Amino acid sequence: MLAIRLTAGADRLDTLVLPVRSGDATAGSEAPAELLATGAGLPAEALEEAAELLPATRLTGRSGETRAHLRPGRTPARLLLLGVGDGGEKDWRTAGAGLARAAADETQITFALPADVPAGAVGALVEGLLLASYRFRMTDAGKAPALAEVDLLLADPEAYRDAVETAETVARTTRLARDLTNTPSSVKNPQWFADQVAAAAADLPDLHLRVRGPEELAAEGFGGILAVGAGSASGPRLVELEWRPADARTHVVLVGKGITFDTGGISIKPVPAMKLMRKDMAGAAAVVAATLGAAALRLPVRITTLAPLAENMVSGSAFRPGDVVRHYGGLTSETTNSDAEGRLVLADALAYAERELRPDLLIDLATLTGANAVALGKRMGALYSENEQLAADLLAAIDGAGEAAWRMPLPADYVEHLGSDLADLHSSPAVGGGSVTAALYLREFTGDLRDRWLHIDMSAPSWSDGDDAELARGATGWGVRGLLRWLATLD
Ligand code: BES
Ligand code: MN
Ligand code: ZN
């Protein structure tokens, strides 16, 4: 990961980055972009040159916009003008991403920040730099970006140390979630995922990990996880990771869907729908990464994270449409479509959390339905909760972190579609509103914690088809940033 250095003196001036803000919108669209005044110690001659050439660059100051100017034989040898937009955190994050891409072929750059820049803005800038420079390639010939060091020139570097360290932790854990999600399923079976969690947790004190294998799952009655995992040569696992700081008052349980590959099972998916199903554990990756992040930041909140892991395969031992599954705690589901597997594993985990862990708040993230993208497009999670405060808090944290989600309804009228002649519940009613009915199904397993529960269907925003601001093509790590920001508000 790119190294960020905070410095008060411009000791290395090869490429100097200068911030340009958008012209004042209230003055009309003609308002020209402006160079933001930066700290002392910079060659006055270079600053004058930048100010002179600004109008000719036609920069608007939109965040992430860049123009390079070469000054052979002089110091600095390159000026890079960078739009930072309106000065809000979102724009600083986008500016960081634009900078990471524009300077990808440099090895070191120095960015002179405005004298009065808020710590939150610098944190967002660092997140943008670290997230946009992410690459996942499985080849020795992979071309990693050359950019290795970014010096941030600040009048009082110490005042920014905490914000930058937090941003680095948020970015590092988001990148871990991306790595886990991008990894091909030939490598990523349930045991591999559990091993990755163990390796990451070993670096941090006060984290406790328990991994259940098929025998323990059978002994304790986790029928949903076992059914979905039954068709695979790589057996299912249940990861239980706990961060328990001494001073915690609130206990949060996070649950993430961990299907390491989703063929659809016997109700097999067609080719285009199956091609990216290695990402079907993005929910598990996000909650695990957020928990590791919370531990690294030593947030004073108790977190127990559950990742039910299984590979949904087609084979002679696979579960069948029409089978009845008995979940943890005893509720049964008629499984008419083996491709509705995520809710079966989540049902076990939610019921276990409700009965055994008794948290104050219960949150789950899942790449649950294609209907998420039908309803909200590719960038937004679908958020469900009956708890107004919890929904508002999560939405605010997600938005503040630069992610996006939209609150969806849990209509009482639709509950009847969950009825089954054979079992307590029908796992996949074909009545439309697929993301909504899936949420209603999950709610049945939350018992008396129903109004302390929140679910996010994040199938759509878990993946990006291209590079876009701080998102790099592939897994996005969606949820890590929003969860960490929300967890940091609890005590
Ligand atoms: N993993 C899929 C959902 C999904 C689709 C995630 C596209 C990411 C992108 C899930 O297991 C699934 O197959 N859902 C079905 C449910 C249906 C069978 C009730 C769906 O959405 O079609
Ligand atoms: Mn499926
Ligand atoms: Zn799935």
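Let's talk about the coordination of the zinc ion (ligand 3)
Right, on to step 1. Within the first shell, the zinc ion (ligand 3) binds the protein through Lys257 (NZ), Asp262 (OD), Asp280 (OD) and Glu341 (OE), at distances of 2.0 to 2.5 Å.
Right, on to step 2. For the zinc ion (ligand 3), the six donor atoms are set out with angles of 79 to 172 degrees between them, so the coordination reads as octahedral.
Right, on to step 3. Mapping the donors of the zinc ion (ligand 3) onto the primary sequence yields the spacing K-x4-D-x17-D-x60-E.
Right, on to step 4. The distance between the zinc ion (ligand 3) and the manganese ion (ligand 2) comes to 3.2 Å, with aspartate 262 serving as a donor to both metals. Note that lysine 257 is positioned in the loop between β10 (251–256) and β11 (258–262) and aspartate 280 in the loop between α8 (271–274) and α9 (282–296), a separation of 23 residues in sequence. The pair formed by lysine 257 and aspartate 280 is uniform in burial state, with each residue classed as buried.

What about the environment of leucine 47?
Right, on to step 1. One can find leucine 47 in helix α1 (residues 44–57).
Right, on to step 2. Judged by relative accessible area, leucine 47 falls into the partly exposed class, the value being 27%.
Right, on to step 3. Excluding its chain neighbours within four sequence positions, the residues that come into contact with leucine 47 are Leu18, Leu35, Thr38 and Leu42.

Here's the deal with the domain arrangement of the protein
Right, on to step 1. By the assigned domains, the protein splits into domain 1 (3–155) and domain 2 (169–487).
Right, on to step 2. Taken together, the contact pairs 14 residues of domain 1 with 21 residues of domain 2.
Right, on to step 3. Of the roughly 1,500 Å² buried where domain 1 meets domain 2, counting both sides, 58% is carbon and sulfur surface.
Right, on to step 4. When the area that domain 1 buries against domain 2 is broken down by residue, the three leading residues are Arg93, Leu131 and Tyr134, summing to 45%.
Right, on to step 5. Linking domain 1 with domain 2 are two salt bridges.

Quick notes on empty space enclosed by the protein
Right, on to step 1. In the structure shown here, the tally under the stated rule is one cavity of 30 Å³ or more.
Right, on to step 2. When its volume is computed, the largest cavity comes out at roughly 40 Å³.
Right, on to step 3. Taken together, Ala177, Thr181, Ala282, Ala285, Ala286, Met458, Ser462, Thr476, Gly477 and Trp478 form the lining of the largest cavity.
Right, on to step 4. Elements with a minimum of two residues in the lining of the largest cavity: α4 (161–182) and α9.
Right, on to step 5. Element by element, the count of residues in the lining of the largest cavity is highest for α9, at three residues.
Right, on to step 6. Broken down by class, the residue content of the lining of the largest cavity amounts to six nonpolar, four polar and no charged.

Quick notes on the coordination of the manganese ion (ligand 2)
Right, on to step 1. Distances from the manganese ion (ligand 2) to its protein donors, Asp262 (OD), Asp339 (O), Asp339 (OD) and Glu341 (OE), fall at 2.1 to 2.2 Å.
Right, on to step 2. Here the manganese ion (ligand 2) binds six donor atoms, and the angle range of 72 to 168 degrees at the metal identifies the geometry as irregular.

Quick word on the packing of aromatic side chains
Right, on to step 1. In this structure the tally under the stated criterion is five aromatic pairs.
Right, on to step 2. Note on phenylalanine 222 and tyrosine 352: the rings are 5.6 Å apart at their centroids and 55 degrees apart in plane angle, and the pair reads as tilted. Taken together, the positions of phenylalanine 222 in the loop between α6 (214–220) and α7 (223–229) and tyrosine 352 in helix α10 (residues 342–357) put the pair 130 residues apart, joining distant regions of the chain. Each member of the pair, phenylalanine 222 as well as tyrosine 352, is classed as buried.
Right, on to step 3. Ring centres of tyrosine 441 and phenylalanine 445 lie 5.2 Å apart, and the angle between their planes is 55 degrees; on these two criteria the pair is classed as tilted.
Right, on to step 4. Judged by relative accessible area, which is 0%, tyrosine 441 ranks as buried.
Right, on to step 5. Among the aromatic residues, ring-to-ring pairing joins Phe222, Tyr328 and Tyr352 into one connected group.
Right, on to step 6. Above the plane of the ring of tyrosine 134 lies arginine 178, whose end atom (NZ or CZ) is 5.3 Å from the centre.

Describing a nonpolar patch on the surface
Right, on to step 1. A contiguous nonpolar surface patch, about 240 Å² in accessible area, is contributed by Ile266, Ile268 and Val314.
Right, on to step 2. Within the fold, valine 314 resides in the loop between β12 (302–312) and β13 (323–326).

Thoughts on the pairing of strand β7 (residues 149–153)
Right, on to step 1. A large share of β7 lies buried, amounting to four of its five residues.
Right, on to step 2. Taken together, the five bridges between strand β1 (residues 3–7) and β7 define a ladder with parallel strand orientation. What sits directly across from arginine 5, in β7, is aspartate 151.
Right, on to step 3. Summarising the sheet, strand β6 (residues 108–112) and β7 pair through five bridges and their orientation is parallel. Bridge assignment links phenylalanine 111 to a residue of β7, and that residue is leucine 152.

Structural notes on the site of ligand 1
Right, on to step 1. Lining the immediate surroundings of ligand 1 are 17 residues, of which Lys269, Asp280, Asp339, Glu341 and Gly370 lie closest.
Right, on to step 2. Within the contact set of ligand 1, a nitrogen atom lies 2.9 Å away from a side-chain nitrogen or oxygen of aspartate 280.
Right, on to step 3. The separation between an oxygen atom of ligand 1 and a polar side-chain atom of glutamate 341 is 2.8 Å.
Right, on to step 4. When ligand 1 is considered free in solution it has 520 Å² of accessible area, and contact with the protein chains removes 76% of it.
Right, on to step 5. If you map ligand 1 onto the pockets, it falls in the largest pocket.
Right, on to step 6. Tallied by class, residues from the shell around ligand 1 come to three nonpolar, six polar and eight charged.

Basis of the calculations
Residues numbered from 1 in each chain as written. Chains lettered and ligands numbered in written order. Predicted model: local features only at pLDDT ≥ 70, side-chain atom pairs only at ≥ 80, totals over all residues. Heavy atoms only, no water. Donors = N, O, S within 2.8 Å, 3.2 Å for Na, K, Ca; no water. Tetrahedral: all angles 85-135°; square planar, octahedral: opposite > 155°, others 65-115°. Helix = DSSP H or I, 4+ residues; strand = E, 2+ residues; numbered from the N terminus. Buried < 20%, exposed > 50% of the residue type's maximum accessible area, 1.4 Å probe, protein only. Contact = heavy atoms within 4.5 Å. Domains from an automatic or database assignment. Buried area = accessible area lost by both parts, 1.4 Å probe. Salt bridge = Lys/Arg side-chain N within 4 Å of Asp/Glu carboxyl O. 1 Å grid on protein atoms, 1.4 Å probe; cavity = no way out; pocket = protein on both sides within 12 Å on 5 of 7 lines; lining within 4 Å. Points joined across faces, edges and corners; volume = space filled by probe spheres on them. Nonpolar A, V, L, I, M, F, W, Y, C, P; charged D, E, K, R; others polar. Phe/Tyr/Trp six-rings, centres within 6.5 Å; stacked < 30°, edge-to-face > 60°. Lys NZ or Arg CZ within 6 Å of the ring centre and 35° of its normal. Patch = residues over 30% accessible without salt bridge, like charges linked within 9 Å, V, L, I, M, F, W, Y side chains within 5 Å. Areas by Shrake-Rupley, 256 points an atom, 1.4 Å probe, with all protein chains shown as cover. Pairing = 2+ DSSP bridges. Near = heavy atom within 4 Å. Polar contact = N/O pair within 3.5 Å; in protein donor to acceptor, adjacent residues only side chain to side chain. Sits in = over half its atoms within 2 Å of the grid points.

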